Amino acid sequence: MRLRVNGREMEVDAPPMTRLLDVLRIHCELPGTKEGCGEGECGACTVLLDGEPVCACLVPAAHAESAEVTTIEGLGGEHPLQRAFAEHGAAQCGICTPGMIMAALALPPSPTLDDVRVALAGNICRCTGYHAIYRAILRA
Amino acid sequence: MRTAAASLDLVRPRSVDDALRSIADDPSLAPIAGCTDVFVGLNAGTFAGTRFLDLWPLEELREIGIRNGAISIGALATHTAIQESPAVVSRVPILAAACREIGGAQIQNRGTLGGNVANGSPAGDTLPVLAVAEAVVVLRSATQERRIPFTSFFTGYRQTVRRPDELIVAFELPPLDQVQWFRKVGTRAAQAISKVVMAVVGGERPRVAVGSVAPTVIRCTRTEAALAGGATFDEASRIVESEVQPIDDLRSTADYRRRVCGNLLRRFGTETQR
Ligand SMILES: Cc1cc2nc3c(=O)[nH]c(=O)nc-3n(C[C@H](O)[C@H](O)[C@H](O)COP(=O)(O)OP(=O)(O)OC[C@H]3O[C@@H](n4cnc5c(N)ncnc54)[C@H](O)[C@@H]3O)c2cc1C
Ligand code: FES
Ligand code: FES
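Note that the coordinates shown come from a computational prediction; the quantities given were computed from them, not determined experimentally.

A. Looking closely at the nonpolar core. Membership of the largest hydrophobic core comes to 39 residues, with the highest contact counts inside it found for B:Ile73, B:Leu95, B:Val117, B:Phe150 and B:Leu173. Here this core gets six residues from one element, more than from any other, and that element is helix H5 (residues 93–100) of chain B. Each of two domains, domain 2 (59–173) and domain 3 (180–272) of chain B, supplies a minimum of three residues to this core. Of all hydrophobic cores here, the second largest spans 38 residues; its members include A:Met1, A:Cys45, B:Leu10 and B:Ile32.

Given below as structure tokens:
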């Protein structure tokens, strides 16, 4: 099947009900997207599907066909959110970080703290705590 | 994923008619929409089906519009699309409110109204709203269309009147002129399954529906009759507490749920100042 990931056309040989998470990590060799719970609860696997945050562990590969997929690798490493997470100590083990950043990408410009809380309500962090994460996003 | 993806088949229809033909030929096909329930089951290895029918690309099932005075919401409308629909927000704000409390943004972007109803969890947050709005479930097969009042749709725990060759195509909600109210009680706002979820419509024909307190969402008809007959909210609260049949489970106890039902109804009374 043909996919468009981070602006690049890719041809992968995966059954249509494969999780998009596995297509990205295994078939596309893009391991930046993480697996936490595998059941939609933690948000670690968040990617953008046609610009909207979704849990890649709950998306069949078939639904990504002819859609635009963006993963953390697509941000290139120097994105303002990536820098802000590093500068404000918003990552410890880092498992939740790619998902947090991908969810934050859907925020409007100059979001309020409330906007950030709502946008990240589906993302769980077990080590950093949310204050540093919110601070990084508000200052990015 | 515990279920091997290679063992799963996906039929990908090009239109709703095409989908209805496929499911008529093979009623063992399980429809999939946003997959936020189906993939949880597949990931856990608890979903029995191996053959699926993909509804997600069927744009005709996403439409939200007004038809003969009723608001018609396609089965594939996502919780995000429903919150963003001006027709829903102006006519049935409690439906937008229920969708806002389903999971987080990632779940709302994929989860659909049809999936929430077809999944049939007694904790489904949109169900009490559809029950008090007296919604009609539009079921279609290759040969006919049936319109089922929402309150007759569920027949037991996760049991519905949907036949294996039917799809839910839409929900129709008649105009609601009376005051409407919704409240979900869970551990936290996002990503928490309801302990109790209640929707109420006021006016001369009051309607009260509660989720998570019985095998299916229920309309509390004795409470409704008492309110219609002029009972105070204290009296009605005692009736609702006796009318619900909650159980103890890992999220909450039956006693707590009963008490919350009474308190929520009193809260409806004070917040809407009848
Ligand atoms: C992390 C997380 C949090 C959640 N939080 C909540 C919550 O707070 N409140 C809540 O109510 N739910 C919640 N859910 C459950 C779920 O998101 C909703 O029930 C959602 O609306 C399901 O829609 P879907 O399109 O993803 O359904 P799918 O998973 O695609 O399908 C669900 C079921 O419905 C059937 N189906 C789907 N569409 C049709 C149709 N048109 N006709 C016939 N059958 C159909 C499928 O065969 C399947 O059995 C949560 C799920 C997750 C993973
Ligand atoms: S791994 Fe997908 S939400 Fe946790
Ligand atoms: S940094 Fe470890 S889970 Fe968030």
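From this point, the narrative continues.
B. Expanded view of the domain arrangement of chain A. Residues and elements named next belong to chain A. Taken domain by domain, chain A consists of domain 1 (2–74) and domain 2 (76–139). Between the C-alpha centres of domain 1 and domain 2 there is a distance of 20 Å. Contact residues are listed per partner, giving 15 residues for domain 1 and 13 residues for domain 2. Carbon and sulfur atoms supply 65% of the area buried between domain 1 and domain 2, which totals about 1100 Å² over both sides. Summed over the shared surface of domain 1 and domain 2, the result is zero salt bridges. On inspection of domain 1 and its partner domain 2, the count reaches four residue pairs in polar contact (both at pLDDT 80 or more). Taken together, the residues that form the side of domain 1 that touches domain 2 break down as six nonpolar, six polar and three charged.

C. Structural detail: the interface of chain B and chain A. On the chain A side, the residues contacting the 27 residues of chain B number 29 residues. Together, B:Phe39, B:Gln106 and B:Gln191 form the three largest contributors to the area buried by chain B at its contact with chain A, with a combined 29%. On inspection of chain B and its partner chain A, the count reaches one salt bridge. For the interface between chain B and chain A, the tally reads nine residue pairs in polar contact (both at pLDDT 80 or more). When contributions to the side of chain B that touches chain A are tallied by element, the ones reaching two or more residues are helix H2 (38–44), strand S3 (51–54) and helix H6 (105–108) of chain B. Among the elements that make up the side of chain B that touches chain A, the one with the highest residue count is H2(B) (four residues).

How each quantity is defined
- Residues numbered from 1 in each chain as written.
- Chains lettered and ligands numbered in written order.
- Predicted model: local features only at pLDDT ≥ 70, side-chain atom pairs only at ≥ 80, totals over all residues.
- Heavy atoms only, no water.
- Core = buried A, V, L, I, M, F, W, Y, C linked by side-chain atoms within 4.5 Å.
- Buried < 20%, exposed > 50% of the residue type's maximum accessible area, 1.4 Å probe, protein only.
- Helix = DSSP H or I, 4+ residues; strand = E, 2+ residues; numbered from the N terminus.
- Domains from an automatic or database assignment.
- Contact = heavy atoms within 4.5 Å.
- Buried area = accessible area lost by both parts, 1.4 Å probe.
- Salt bridge = Lys/Arg side-chain N within 4 Å of Asp/Glu carboxyl O.
- Polar contact = N/O pair within 3.5 Å; in protein donor to acceptor, adjacent residues only side chain to side chain.
- Nonpolar A, V, L, I, M, F, W, Y, C, P; charged D, E, K, R; others polar.

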